[in-house]
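Structural overview
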Amino acid sequence: QLDLFGKAFNRSLVAGGFLTYENQTNYFYGYTPKKETLRDTIKQSYNVVSLGGDLANSKPADFTYTLKGGFSYLTDNYKAAESEVALNFISDYKFSESRRAMLIADYFLITREDVKVDASPRNLLRIKPAYQFSPIENLSLAVGANVAYETDTLGGNKSLHVFPNLKAEYALSKSVKAYAALTGDIDKVNLHSLSRENRWVNSNINIFNTNRSIEFLGGLKGKLARKVGFEAGFSAANLKGLYFYQNSVLDQSKFDVIYDEGNTKRLNAFAELDYAHAENFKLMLRGDVFNYSTDKITEALHRPTYRFVINSSYNVYEKLLFNVDFTAQGGMKAFDQSLAKSVEIDPAVDVNFKANYFLSKQVSLFLKLNNILSNKYQVYLNYPVRGFQAMGGLTWVF
């Protein structure tokens, strides 16, 4: 990956730009052991070129804004190509300490070429106005709507969608707040996002956005002590056209993208704890429990039902930085084509370590130890991950 970027400042504006090239090459190694194959025939390579810029006001004011624009072009080893034009505008006008008007708008134009898929250009326009105010002491309300126009065709969905966008936050004490939200949106899905999420996705797949028709969120957040923060809550969402990965009938080493054209109900309960001692030591623990209820398909394939994460960092005299990450997840189901039935994927446990030694502000040495337990767990069926890995190198910022 190669990134070139820069920013320019004056008294009223900040302007920035970037140019990025990225290559991700991998192989479809999840084939059955008895299958004879040639290395070149199972190679997949994604090349992405992106460029763009942004413009914003440079100092605090009653009216703040950010305007971003970008273009990205993706190609792969199977003659697929996808381009995306993206525009984004974020603004905030402050009337007083308790009243403000907000507007978020974005537009995406996605075009795609594939060998066996005649994909028409896809448009997605989203406009999200909201007004925030405080009707009584300790209560903050935001009232708005999410309006989306799209040209997807999954299930004959209508093009224009209007969702509520309501948020409330109430201070129970100086250190604890309760919050709730009722919202919805069209969640963008494209080959860019699918290929980053699953490197072994099949070619010539159908791609559609997800209609998050309604979602309710609620919870508590705040501080248990001066250095300890917490958040706990849940969300319940109704999703139309949610996508899942299923091993292909013709080649189990590749994943088709299937859609629940009905209503998938998703529940998520979570709890998070944060500890920070100045800039020297930070610790974050988070646990999530998920439940999926599908409509037109039988299983929520390759979606975990629980996940537990620990992230920690320790800075020694601003010369040595240590990071330790732990992730455990499980409860995933997959459809094994060779057995013609649903199977459960074993839980995944992963521990990673990274150390940085700073020779100066510009130069540092690093050491990474990935999958320290050498668990060859699977996130996708037939794809055990690499065992223990070690990597070292030098970082130079100029």
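Whatever comes next refers back to the structure up there.
From a predicted model like this one, the values you see are computed outputs, not experimental measurements. (Residues numbered from 1 in each chain as written. Predicted model: local features only at pLDDT ≥ 70, side-chain atom pairs only at ≥ 80, totals over all residues. Heavy atoms only, no water.)

1. A look at the nonpolar core
Judged by nonpolar contacts, the single largest core of 21 residues is most densely connected at Leu 194, Ile 207, Tyr 243, Tyr 245 and Val 257. Going through the elements one at a time, strand E3 (43-57), helix H1 (191-197), strand E12 (228-247) and strand E13 (255-277) are the ones with two or more residues in this core. Setting aside residues no more than four positions away along its own chain, Leu 194 makes contact with Val 189, Ile 205, Ile 207, Tyr 243, Tyr 245 and Val 257. The next biggest cluster of nonpolar side chains, apart from the first, holds nine residues, and it includes Ala 237, Leu 239, Leu 242 and Ile 297. (Core = buried A, V, L, I, M, F, W, Y, C linked by side-chain atoms within 4.5 Å. Buried < 20%, exposed > 50% of the residue type's maximum accessible area, 1.4 Å probe, protein only. Helix = DSSP H or I, 4+ residues; strand = E, 2+ residues; numbered from the N terminus. Contact = heavy atoms within 4.5 Å.)

2. So, the packing of aromatic side chains
In this structure the tally under the stated criterion is 20 aromatic pairs. Residues Phe 28 and Tyr 78 carry aromatic rings whose centres are separated by 6.1 Å and whose planes lie at 75° to one another, so their mutual orientation is edge-to-face. Of this pair, Phe 28 sits in the loop between strand E2 (13-27) and E3 while Tyr 78 sits in the loop between strand E4 (63-75) and strand E5 (81-94), and the two are 50 residues apart along the sequence. With 6.4 Å between their ring centres and 65° between their planes, Trp 200 and Tyr 380 make a pair best called edge-to-face. A residue pair is termed long-range when its members are at least 10 positions apart, and Trp 200 in the loop between H1 and strand E11 (210-225) and Tyr 380 in the loop between strand E20 (363-370) and strand E21 (389-396) qualify at 180 residues. By relative accessible area, which is 12% here, Trp 200 ends up buried. (Phe/Tyr/Trp six-rings, centres within 6.5 Å; stacked < 30°, edge-to-face > 60°.)

3. Description of the pattern of salt bridges
Side chains that differ in charge, positive against negative, can pair when their charged atoms come close. One pass over the structure, following the stated rule, counts 18 salt bridges. In this structure, the salt-bridge partner of Arg 100 is Asp 92, at a minimum N-O distance of 3.0 Å. Relative accessible area serves as the criterion here: at 15%, Asp 92 is assigned to the buried category. With a shortest N-O distance of 3.0 Å, Arg 286 and Glu 272 are connected by a salt bridge. Here the residue Arg 286 occupies a position in strand E14 (residues 281-293), and Glu 272 occupies one in strand E13, the gap between them amounting to 14 residues. Salt bridges here are not isolated pairs; linked through shared partners, they connect Asp 187, Arg 212, Glu 215 and Arg 266. (Salt bridge = Lys/Arg side-chain N within 4 Å of Asp/Glu carboxyl O.)

4. Some details on unusual backbone geometry
In this structure, Tyr 317 is a non-glycine residue whose phi angle is positive, near 55°. Within the secondary structure, Tyr 317 is located in the loop between strand E15 (306-316) and strand E16 (320-330). A residue is classified by how much of its surface remains accessible, and Tyr 317, at 76% relative accessible area, is exposed. Residue Asn 382 is not a glycine yet carries a positive backbone phi of 75°. Tracing the sequence through the fold places Asn 382 in the loop between E20 and E21. With a relative accessible area of 27%, Asn 382 lands in the partly exposed category.

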